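Tertiary structure, described
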Amino acid sequence: MAGIHHVTAISGKAARNFDFYSHVLGLRFVKKTVNFDDNGTYHLYYGDRVGYPGTVLTFFPWEHAAAGHVGPGQTQQTTFRVPTSSIGYWTHRFIEKGVVHEAVEKRFGEPILSFTDPDGMSLALVGVAGAESEPAWSAGLIPMEHAIRGFHGVTLMLDDGARTAAILTDVLGFTAAGEDGALARYRASEAIGGVVDIRAATGFAAGHQGRGSVHHIAFRAANDASQAAMAQKLTAEHGMKPTAQLDRKYFRSIYFREPGGILFEIATDDPGFTVDEPAQTLGRDLKLPPFLESRRKEIEAVLPELHATEAGS
Ligand code: ZN
């Protein structure tokens, strides 16, 4: 059960973010809540049918955030899995929808279609042999056969990847899986969300976080006990100082800044997104944790509308 649990990024306008991920990429909107540490801001979650670990991309929409700039110490790209035969469909869709994208390239032998979201976040679709047999979810906007299957992985841009790689392999359940140019690949047991690539970027100017940047990457822990064992190992053998466990309602998390400067989280697989609403209506209502429920009216008043359309709601 090792791999990426979720990726959280910073966006601009919430409605534009919602429109892009729901209606252009066709992900399921699985949770509408607020940032537990900044209650006047949404925390929007997109994923598969139930937001299974490894499929969940989340956003803090900070409307006035300045644009970020990728550099060492940041996540350079977040990638999704689609069947190899779907790359043509998506290229055509991006042209039709005006999505900024690059020509299809090969990375580790697989076709990759890089593109950016409306906030400049670097994303890609990777054509994966066999992905056609992985579960897919579609609201009908994207034919089921071409739907995104969840994360392929992330690319970390690091000045020196050695200590980060040691944490991936020793604590987070990844194993070294070869190199392609400047990229070193690490793979976890799970196919969905099972790839971390480290791009050695010595001597590059530092990046800065902002709109379009990944805020943190969460890795999977099966339960509290395995999370505690990972925290113990991080402290004892890797000189990290993970936080105490925080209850994030849909998972329980610890956080630490890995040696390269990227914020990592370790999140439990349970209880998941159906803990406070049924699978059929995920994402429909604003969900608040108990400690914020008494302030619902005040919070709702400051959150912008998401303009759900028939097809995407
Ligand atoms: Zn997180």
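Look above for the structure.
Below: a short report on this structure. (Residues numbered from 1 in each chain as written. Predicted model: local features only at pLDDT ≥ 70, side-chain atom pairs only at ≥ 80, totals over all residues. Heavy atoms only, no water.)

What follows deals with the coordination of the zinc ion. Surrounding the zinc ion are the protein donor atoms H6 (NE2), H216 (NE2) and E265 (OE), at 2.0 to 2.1 Å. In terms of primary sequence, the donors binding the zinc ion are separated according to H-x209-H-x48-E. Of this pair, H216 sits in strand 13 (residues 214–221) while E265 sits in strand 16 (residues 263–268), placing them 49 residues apart in sequence. The exposure classification of H216 matches that of E265, with both residues buried. (Donors = N, O, S within 2.8 Å, 3.2 Å for Na, K, Ca; no water. Helix = DSSP H or I, 4+ residues; strand = E, 2+ residues; numbered from the N terminus. Buried < 20%, exposed > 50% of the residue type's maximum accessible area, 1.4 Å probe, protein only.)

Further remarks concern the packing of aromatic side chains. Per the counting criterion, the structure on display carries 20 aromatic pairs. Counting every residue linked through ring pairs, the aromatic cluster contains F18, F20, Y21, F29, Y46, F59, Y89, W90, F94 and F115. Over the ring of F108 we find R185; its NZ or CZ atom is 3.9 Å from the centre of that ring. (Phe/Tyr/Trp six-rings, centres within 6.5 Å; stacked < 30°, edge-to-face > 60°. Lys NZ or Arg CZ within 6 Å of the ring centre and 35° of its normal.)

So, about the pattern of salt bridges. Within this structure, the stated rule accounts for 18 salt bridges. Note that R296 is salt-bridged to E300, the shortest N-O span being 3.1 Å. Linking R296 with E300, this pair stays in helix 5 (residues 296–302), spanning four residues, or about one helical turn. On the accessibility criterion, R296 (22% relative accessible area) is partly exposed. Each of R16, D119 and R211 takes part in a single network of salt bridges with overlapping partners. (Salt bridge = Lys/Arg side-chain N within 4 Å of Asp/Glu carboxyl O.)

Taken in spatial order, the eight strands make up an open sheet running 6-7-8-5-9-12-11-10, and their pairing is mixed. With partners counted over all chains shown, the strands left at the sheet margins are strand 6 (105–107) and strand 10 (175–180), one partner each. Within this sheet the neighbouring strands show an average axis-to-axis angle of 30°, counted without direction. Sheet topology places strand 5 (residues 74–83) next to strand 9 (residues 151–158); six bridges connect them, and they run antiparallel. Counterpart to Q77 in the pairing with strand 9 is T155. In the packing of helix 2 (residues 87–97) onto the sheet, the strands contacted are strand 5, strand 7 (110–116) and strand 8 (122–128), and the crossing angle to strand 7 comes to about 20°. (Pairing = 2+ DSSP bridges. Axes fitted to C-alpha atoms, helices over the stretch in contact; angles between N-to-C directions. Contact = heavy atoms within 4.5 Å.)

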